[in-house]
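# Geometric and topological summary
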Amino acid sequence: GESVGLHLPTLSVQEGDNSIINCAYSNSASDYFIWYKQESGKGPQFIIDIRSNMDKRQGQRVTVLLNKTVKHLSLQIAATQPGDSAVYFCAEREGGNTPLVFGKGTRLSVIA
Amino acid sequence: DAGVTQSPTHLIKTRGQQVTLRCSPKSGHDTVSWYQQALGQGPQFIFQYYEEEERQRGNFPDRFSGHQFPNYSSELNVNALLLGDSALYLCASSLRLGLAFNEQFFGPGTRLTVL
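Residues numbered from 1 in each chain as written. Chains lettered and ligands numbered in written order. Predicted model: local features only at pLDDT ≥ 70, side-chain atom pairs only at ≥ 80, totals over all residues. Heavy atoms only, no water.

## Here's the deal with the overall build of chain A
Per the secondary structure count, chain A includes zero helices and ten strands. Secondary structure of chain A in N-to-C order comes out as β-β-β-β-β-β-β-β-β-β. Taking 112 residues into account, the globule formula puts the C-alpha radius of gyration at 13 Å, and chain A, at 14 Å, falls close to it. The buried share of chain A, taken over its 112 residues, is 43%. Considering only residue pairs separated by 6 or more positions, chain A has 55% of its internal contacts joining residues 24 or more positions apart. For chain A, the accessible area works out to roughly 5,500 Å², and carbon and sulfur atoms hold 47% of it. (Helix = DSSP H or I, 4+ residues; strand = E, 2+ residues; numbered from the N terminus. Rg over C-alpha atoms; globule rule 2.2 N^0.38 Å. Buried < 20%, exposed > 50% of the residue type's maximum accessible area, 1.4 Å probe, protein only. Contact = heavy atoms within 4.5 Å. Areas by Shrake-Rupley, 256 points an atom, 1.4 Å probe, with all protein chains shown as cover.)

## Concerning the nonpolar core
Of all hydrophobic cores here, the largest spans 20 residues; its most connected members are Trp34(B), Ile46(B), Phe64(B), Leu76(B) and Tyr89(B). Listed by contribution, the elements that provide at least two residues to this core are strand S3 (19-24), strand S4 (31-37), strand S5 (44-50), strand S8 (74-78), strand S9 (87-94) and strand S11 (110-114) of chain B. Counting 19 residues, the second-largest nonpolar core is a separate cluster that includes Val13(A), Cys23(A), Ile50(A) and Leu66(A). (Core = buried A, V, L, I, M, F, W, Y, C linked by side-chain atoms within 4.5 Å.)

## Some points on the packing of aromatic side chains
Within the structure shown, the criterion is met by eleven aromatic pairs over all chains. Here the aromatic rings of Tyr36(A) and Phe102(A) are separated by 5.5 Å at their centres, their planes lie at 35 degrees, and the arrangement is tilted. With Tyr36(A) in strand S3 (residues 32-38) and Phe102(A) in strand S9 (residues 101-102), this residue pair connects regions lying 66 residues apart in the sequence. Across this residue pair, the class does not change: Tyr36(A) and Phe102(A) are buried. Here Phe47(B) and Tyr49(B) contribute two aromatic rings whose centre-to-centre distance is 5.3 Å and whose plane-to-plane angle is 90 degrees, an arrangement assigned as edge-to-face. Of the two residues, Phe47(B) and Tyr49(B), both sit in the buried class. An aromatic cluster is present here, built from Tyr36(A), Phe46(A), Phe89(A), Phe102(A), Tyr35(B), Phe45(B) and Phe106(B) joined pairwise through their rings. (Phe/Tyr/Trp six-rings, centres within 6.5 Å; stacked < 30°, edge-to-face > 60°.)

## Brief notes about the layout of surface pockets
Rolled over the atoms, a probe sized like a water molecule indicates the empty space that remains. Empty space within the largest pocket amounts to approximately 220 Å³. Along the wall of the largest pocket there are 14 residues; nearest its centre are Phe102(A), Gln41(B), Gly42(B), Pro43(B) and Gln44(B). Going through the elements one at a time, S9 of chain A together with S4 and S5 of chain B are the ones with two or more residues in the lining of the largest pocket. Broken down by class, the residue content of the lining of the largest pocket amounts to seven nonpolar, six polar and one charged. Size it by volume and the second largest pocket reaches roughly 190 Å³. What lines the second largest pocket is simply Lys37(A), Gln45(A), Phe46(A), Ile47(A), Gln60(A), Arg61(A), Val62(A), Ile77(A), Asp84(A) and Tyr88(A). In terms of residue count, strand S4 (residues 45-51) of chain A provides more of the lining of the second largest pocket than any other element does, three residues in total. When grouped by side-chain class, the residues that make up the lining of the second largest pocket number five nonpolar, two polar and three charged. (1 Å grid on protein atoms, 1.4 Å probe; cavity = no way out; pocket = protein on both sides within 12 Å on 5 of 7 lines; lining within 4 Å. Points joined across faces, edges and corners; volume = space filled by probe spheres on them. Nonpolar A, V, L, I, M, F, W, Y, C, P; charged D, E, K, R; others polar.)

## Observations regarding the state of the cysteines
If you walk through the whole model with that rule in mind, you get two disulfides over all chains. The disulfide partner of Cys23(A) is Cys90(A), and the gap between their sulfur atoms is 1.7 Å. Taken as a pair, Cys23(A) in strand S2 (residues 19-24) and Cys90(A) in strand S8 (residues 86-93) lie far apart in primary sequence, 67 residues in all. The residues Cys23(A) and Cys90(A) share a single accessibility class, namely buried. Here Cys23(B) is linked by a disulfide to Cys91(B), with a sulfur-sulfur distance of 1.8 Å. (Disulfide = S-S within 2.5 Å.)

## Section: the sheet that holds strand S7 (residues 64-68) of chain B
Residues and elements named next belong to chain B. Sheet architecture is open: four strands sit in the order S1-S3-S8-S7, paired in antiparallel fashion. Single-partner strands in this sheet number two, and they are strand S1 (5-7) and S7. Averaged over neighbouring strand pairs, the angle between their axes works out to 20 degrees when direction is ignored. (Pairing = 2+ DSSP bridges. Axes fitted to C-alpha atoms, helices over the stretch in contact; angles between N-to-C directions.)

## Digging into the environment of Gln36(B)
Residues and elements named next belong to chain B. For Gln36, the location among the structural elements is in strand S4. On a C-alpha basis, the gap between Gln36 and His10 in space is 14 Å, while along the polypeptide they are 26 residues apart. If we skip the residues at most four places from it in the chain, Gln36 touches Gly42, Pro43, Gln44, Ile46, Phe60, Phe64, Gly84, Asp85, Ala87, Leu88 and Tyr89. Of the polar contacts made by the side chain of Gln36, one reaches the side chain of Tyr89; its length is 2.9 Å. (Polar contact = N/O pair within 3.5 Å; in protein donor to acceptor, adjacent residues only side chain to side chain.)

Have a look at this one:
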């Protein structure tokens, strides 16, 4: 299949372990943040979002943490599975219909 | 309920040619955004269409233009293709609700190769 990113930072995780993917954002005015998962040959898929008035939000097996003081966002995946292997992007936005600004991405590789 | 669809899947062009890419938004969505994703990079915003008008534009030259039709589908046109235009072109649709946060749904993309 088509490769989304050939030279991205890579995180290798054993199946069943927890994964933590980090992202530094640049715009202190951003008030909405999203994590996307992109598998080879596909478009980005929404995972979870968080607004700037929150510092933590949980979904199914995923948790997003936001630290506005240091402009840092993280995605935690519990009990990582082979199907979680993909490139993960964080994206920020100033709200409403303003354009999404994507980070560089991290490739997650799950070792069975 | 079909999601965002894009055509064609792959396209090969030569320098100087022109290309048109197409996008049909998710049912019920009225806003279409286009992104360019170079290999190894995150998507970069090109422009956004709502009510058949370009509403916002990223840092892309005038060679990149678009159109939105009354049925909300959209086209991206690129003229005078350069080698550097080779990328995955993504379409994302959303529902505009004033200033409300609204999730964008992405299509699978069109892989453009310029030789």
